[in-house]
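A look at the structure
Residues per chain, in single letters:
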Amino acid sequence: MRVGIVGLPNVGKSTLFNALTRSAAPAENYPFCTIEPNVGRVAVPDARLEQLAKLLQPERVVPAVIEFVDIAGLVKGASRGEGLGNQFLGHIRDVDAILEVVRCFQDPDVVHVSGKLDPQADIETIETELILADLEVVGRRLTKVERQLKSGERRWREEYDSLKAVETALSAGRTARSLAKEVNLPADLNLLTAKALLLVANVGQEGLTGEGAACWKSVQAAAQARGAEAVWLAAELEEELWALEEEERAAFLADLGLSEPGLERLVRASYRLLDLVTFYTATGGREVRAWAVPRGTPAPAAAGKIHSDMERGFIRAEVVSCAELLRAGSLAAAREQGVLRLEGRDYLVEDGDVIHFRFNV
């Protein structure tokens, strides 16, 4: 599952990516510093995994991960090919959700593409370009479907009606995301404005004070209006935090009055954005691992996340919730107490399940 980090140039996308992935993607003061997308895998903070590891004492502990993609900055006119528009839009089509960084900091040394701090206008600029790109996609599909209407088949009329409804809404400035409950969107359209959205207010190192606080309220309002989530953080500060040792980092956060790094809030919000659940596997004393799968994943498909042979040869799943296992004290005790149950092919994996898959090779 991939989350694309997008935004106007010079809003702090690459700085945020560096902090997220502890990597060294260039973060310079000029537009289009990022041309080819940088990709990094980020561990998901997970207190349950830590508790399981403490109980089972494995040799290895492996967290679930999310893949973040740092995509080139977008400018007004991207849908017409301005800047790196075509490349930018193409890279967004390859991700499952959008994390949009909104500039909420003043810095005379880092130019703002429009010359002033205006989070609402910045959000609207990107939304407009994505809507225009979607209109082009819908228009091309309509041209193809119109040719099929002569066949008289009902499916073509239904798709045509759906596409016209989407086209009308997009032309009025609505996103495909807002139409999800009204129109049956063809899945293969892969519309940009249908993707889940998380707005990230990138404030200055002073945090939520003065202009930063006002900008954050503006971003929150924009998120609420779009049915999206919003979080705030100071990307530059987060990057500095991760250069510190763990004890120094904790002391620094305490001085700032923060209970946890902003990045942990961001990763958890991204996890919710993708509508993922976590299940765990415990392999004897060797490994405890967290796995991320979409909500509603059947047990065989979850087994396939580990290895395709396990999905093909799936027999059953032995399941116990993490909470029940922790209360029982061991897998053997959970089995004796009857809280470890057997589930078949139709079982949908739930968040917090600890699973042992039985399969034929």
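The paragraphs below set out a description of the structure included in this document. Remember, it's a predicted structure, so these values are computed and weren't measured experimentally. (Residues numbered from 1 in each chain as written. Predicted model: local features only at pLDDT ≥ 70, side-chain atom pairs only at ≥ 80, totals over all residues. Heavy atoms only, no water.)

**Observations regarding the sheet that holds strand β2 (residues 38-43)**
Pairing is mixed in the open sheet, where 6 strands are placed in the order β2-β4-β1-β5-β6-β7. On the outer flanks of this sheet lie β2 and β7 (229-233), each paired with one strand and no other. Neighbour-to-neighbour, the strand axes of the sheet open up by a mean angle of 25 degrees, direction not taken into account. Two strands pair when backbone bridges link them, and strand β6 (residues 196-203) and β7 are joined in this way by 5 bridges, in the parallel orientation. (Pairing = 2+ DSSP bridges. Helix = DSSP H or I, 4+ residues; strand = E, 2+ residues; numbered from the N terminus. Axes fitted to C-alpha atoms, helices over the stretch in contact; angles between N-to-C directions.)

**Observations regarding the packing of aromatic side chains**
Here a ring pair, both rings aromatic, is described through the centre-centre distance and the interplanar angle of the planes. Considering all chains together, one arrives at 3 aromatic pairs under this definition. Pairing Phe279 with Phe357 gives two aromatic rings, centres 6.0 Å apart and planes at 90 degrees, and the pair type is edge-to-face. With Phe279 in strand β8 (residues 276-283) and Phe357 in strand β12 (residues 353-359), this pair connects stretches of sequence that are 78 residues apart. By the burial criterion, Phe279 is buried, and Phe357 matches it. By way of ring pairs, the aromatic residues Phe279, Trp291, Phe314 and Phe357 are connected into one cluster. The cationic tip of Arg265 hangs over the ring face of Trp232; the distance from NZ or CZ to the ring centre is 5.0 Å. (Phe/Tyr/Trp six-rings, centres within 6.5 Å; stacked < 30°, edge-to-face > 60°. Buried < 20%, exposed > 50% of the residue type's maximum accessible area, 1.4 Å probe, protein only. Lys NZ or Arg CZ within 6 Å of the ring centre and 35° of its normal.)

**Some thoughts on the side chain of Arg141**
Note on placement: Arg141 falls in helix α4 (residues 119-148). Using a relative accessible area of 17% as the deciding quantity, one classes Arg141 as buried. With near-sequence residues (within four places) excluded, Arg141 lies in contact with Glu159, Leu163, Pro186, Asp188 and Leu189. (Contact = heavy atoms within 4.5 Å.)

**Looking at the environment of Lys116**
Along the polypeptide, Lys116 turns up in the loop between β5 (97-104) and α4. Owing to a relative accessible area of 53%, Lys116 belongs among the exposed residues under this scheme.

**Some details on helix α6 (residues 211-225)**
Think of an α-helix as turning once every 3.6 residues; residues three or four places apart then point the same way. Taking 1.5 Å per residue, 15 residues should reach 21 Å; α6 reaches 21 Å between its end C-alpha atoms and fits that length. Here α6 has its buried residues at Gly212, Cys215, Trp216, Ser218, Val219, Ala222 and Ala223. Along the axis of α6, the buried positions cluster into a sector of 160 degrees, meaning they face one direction only. The exposed set on the far side of α6, more than 90 degrees from its buried face, consists of Lys217, Gln224 and Ala225. Where α6 is buried, its residues meet β5, α4, β6 and β7. At the exit of α6 stands Gly227, carrying a positive phi of roughly 65 degrees. (Expected span 1.5 Å × (residues − 1). Arc of directions from axis to C-beta.)

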